[in-house]
Amino acid sequence: EESLGWGNNAELDDPEFMRRQVEQTSLTARMSINHPSVVISGFMNEFHSFEKKGKILADKLIAAIRAEDTGRLVTFACNHALKDICNDNTDFITINRYPAWHGNRGAALTPESLRNVITNDLTLSIAYMRKRYGEDKPIIVGETGVYSIYGYHDPMHAQWSEEFQSEYLDHWLKAVLSSPE
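These lines cover the structure that appears in this document, whether it is placed above or below. Keep in mind it's a predicted model, so treat the numbers as computed, not measured.

1. Description of the overall build of the chain
Part 1 of the reasoning: Helix and strand counts for the chain come out as 4 helices and 5 strands.
Part 2 of the reasoning: Scanning the chain from its N terminus toward the C terminus, one meets helices and strands in the order α-β-α-β-β-β-α-β-α.
Part 3 of the reasoning: Along the longest, intermediate and shortest principal axes, the C-alpha atoms of the chain span 55 × 35 × 35 Å.
Part 4 of the reasoning: Split into buried and exposed, the 181 residues of the chain put 42% on the buried side.
Part 5 of the reasoning: In the chain, the share of contacts with a sequence separation of at least 24, taken over all contacts with a separation of at least 6, comes to 69%.
Part 6 of the reasoning: As presented, the chain carries roughly 10,100 Å² of accessible surface, and 57% of it is formed by carbon and sulfur atoms.
Part 7 of the reasoning: A gap of 6 Å separates the mean positions of the 18 positive and 26 negative side-chain charges of the chain.

Dropping the structure here:
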């Protein structure tokens, strides 16, 4: 379960926005306290977790969730896995990574270069998080993937094809499952 917050990075300077985030996050945790399928409380999906003002808000939201005494684990979806500063007080780290997709700018990728980009990104993300937060905090991949157009097929596995999406996810699963982490 996650309180709303995606794409609100400009508002991190707004005290009213901060107050409302704390209120909303508290209400979200309180309203679902008896829902046994909700085992994790989260907040601010993919916010600027590399900024000091993001850390201030993250710590306030973690405290708000814990004040509701839900007994749930607390995390947030971090898409800044190479410069995050906000996971000190979470129970585990959740990374959202889209290497070779977001920001790729149409660069041609061979199957080998795609595999290397994915493996390197995962390795660097884990290394950064381990250096910053230590060896004991669990790390999960919360989101990854690429977009495809339903029914679009390409024998060369071009971007946007179902084949590229399948290949991309195959590389991710192999990278994650082969990692000792």
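2. A look at the pairing of strand β4 (residues 93-96)
Part 1 of the reasoning: Neither face of β4 is exposed, since Ile93 and Ile95 on one face and Thr94 and Asn96 on the opposite face are all buried.
Part 2 of the reasoning: Relative to β4, strand β3 (residues 77-78) runs parallel, the two being bridged by 2 bridges. Bridged to Ala77 within β4 is Thr94.
Part 3 of the reasoning: Sheet topology note: the β4/strand β5 (residues 139-143) ladder contains 4 bridges and is parallel. By the bridge assignment, Thr94 is partnered in β5 with Ile140.

3. Some words on helix α2 (residues 52-67)
Part 1 of the reasoning: Between the first and last C-alpha of α2 there are 23 Å, a value that for 16 residues agrees with the 22 Å anticipated at 1.5 Å per step.
Part 2 of the reasoning: The complete set of buried residues in α2 reads Gly54, Lys55, Leu57, Ala58, Leu61, Ile62, Ala64 and Ile65.
Part 3 of the reasoning: Count one or two residues on from α2 and you reach Asp69, which has phi positive near 50 degrees.

What counts as what
Residues numbered from 1 in each chain as written. Predicted model: local features only at pLDDT ≥ 70, side-chain atom pairs only at ≥ 80, totals over all residues. Heavy atoms only, no water. Helix = DSSP H or I, 4+ residues; strand = E, 2+ residues; numbered from the N terminus. Buried < 20%, exposed > 50% of the residue type's maximum accessible area, 1.4 Å probe, protein only. Contact = heavy atoms within 4.5 Å. Areas by Shrake-Rupley, 256 points an atom, 1.4 Å probe, with all protein chains shown as cover. Lys, Arg positive; Asp, Glu negative; His and termini not counted. Charge placed at Lys NZ, Arg CZ, Asp CG, Glu CD. Pairing = 2+ DSSP bridges. Expected span 1.5 Å × (residues − 1).

The values are spatial; any link to function lies outside them.
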